[in-house]
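An overview of the molecular structure
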Amino acid sequence: MRGSLLFLVLIFSSRLDWTVEATTTAVLMKHLKNFSPVLKWPRTSPKAVETDGDAPLFENGYFVETLVDGNKLGIVPYTIRVSPEGELFAVDSENNNIVKITPPLSQYSRARLVAGSFQGYSGHVDGKPSDARFTHPKGVAMDEKGNVYVADTANLAIRKIGESGVTTIAGGKSNVAGYRDGPSEDAKFSNDFDIVYVARTCSLLVVDRGNAALRQISLQQEDCDPQFNSISTSGFSKPLELFFFRFHGST
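Residues numbered from 1 in each chain as written. Predicted model: local features only at pLDDT ≥ 70, side-chain atom pairs only at ≥ 80, totals over all residues. Heavy atoms only, no water.

Here strand β9 (residues 193-198) pairs with strand β10 (residues 203-208) via six bridges, running antiparallel. When the sheet's bridge partners are listed, Asp194 is paired in β10 with Val207. Counting the residues between successive antiparallel strands, the hairpin from β9 to β10 contains four residues, one of them, Cys202, with a positive phi of roughly 50°. In this structure, β10 lies alongside strand β11 (residues 213-218), joined through six bridges in antiparallel fashion. In the strand pairing of β11, Asp208 is matched with Ala213. Hairpin connection of β10 to β11: four residues between the antiparallel strands, including Ala212 at a positive phi of 50°. (Pairing = 2+ DSSP bridges. Helix = DSSP H or I, 4+ residues; strand = E, 2+ residues; numbered from the N terminus.)

What follows is the structure, given as structure tokens:
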């Protein structure tokens, strides 16, 4: 009899403990639910980048004005070099020609064709300046004698405009870009290069960006003599804008 009573007491005690534990857990979960906003990980917005130190620092005393409007002249200058006499030689890469603008510069300035096609014809043709063809030239330089050198980029060639007309002095034999030094007809360039005339060494520096190289072309010593000037635009006495507007049928 005592054994049976002891067994019942143990069962009752275990059920009571389970009930108390379940009740305690339920109460705790209820309180946790009520305090859930406090327990959530706080969300913070990223701080805005401070720009006080990044603002441009403008220096007073400068003014920008348009001297020559290429749209009115029918030219799109890509590169401009200034000759020792102050004349501007501009490469019109879009229309495949080289033009010259004589100061003073103003809205009445005129661009005169030095070489190439005023109609925008492209190609690789040497000879008379008016018959010569370039393909998207992007660089120009002048020596002491007045010869004009052109970085004829799409033709992978360096051209010269001198007394004998337009000639090719390096590259252009192949229409495939490359990297090769040597005689002019064997030389190869990338499709991204420019030229700079260096009087002290009587040479052209070729900034061959595509090949990450600085290359040199030695010029004829007579071309570095400032006593002679071989370039004249007397054969192109009409302003380039007249050619341009006639080509487009304007009056």
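On to the pattern of salt bridges. Taken as a whole, this structure holds 10 salt bridges when the rule is applied. With a closest N to O distance of 3.4 Å, Lys100 and Glu87 form a salt bridge. Within this pair, whereas Lys100 is found in strand β3 (residues 97-101), its partner Glu87 is found in the loop between β1 (79-82) and β2 (88-92), the two being separated by 13 residues in sequence. Take Lys100 and Glu87: they sit in the same class, and that class is buried. Here Arg159 ties to Asp152 by a salt bridge, and the two come within 2.6 Å at their closest N and O atoms. With a relative accessible area of 0%, Arg159 lands in the buried category. (Salt bridge = Lys/Arg side-chain N within 4 Å of Asp/Glu carboxyl O. Buried < 20%, exposed > 50% of the residue type's maximum accessible area, 1.4 Å probe, protein only.)

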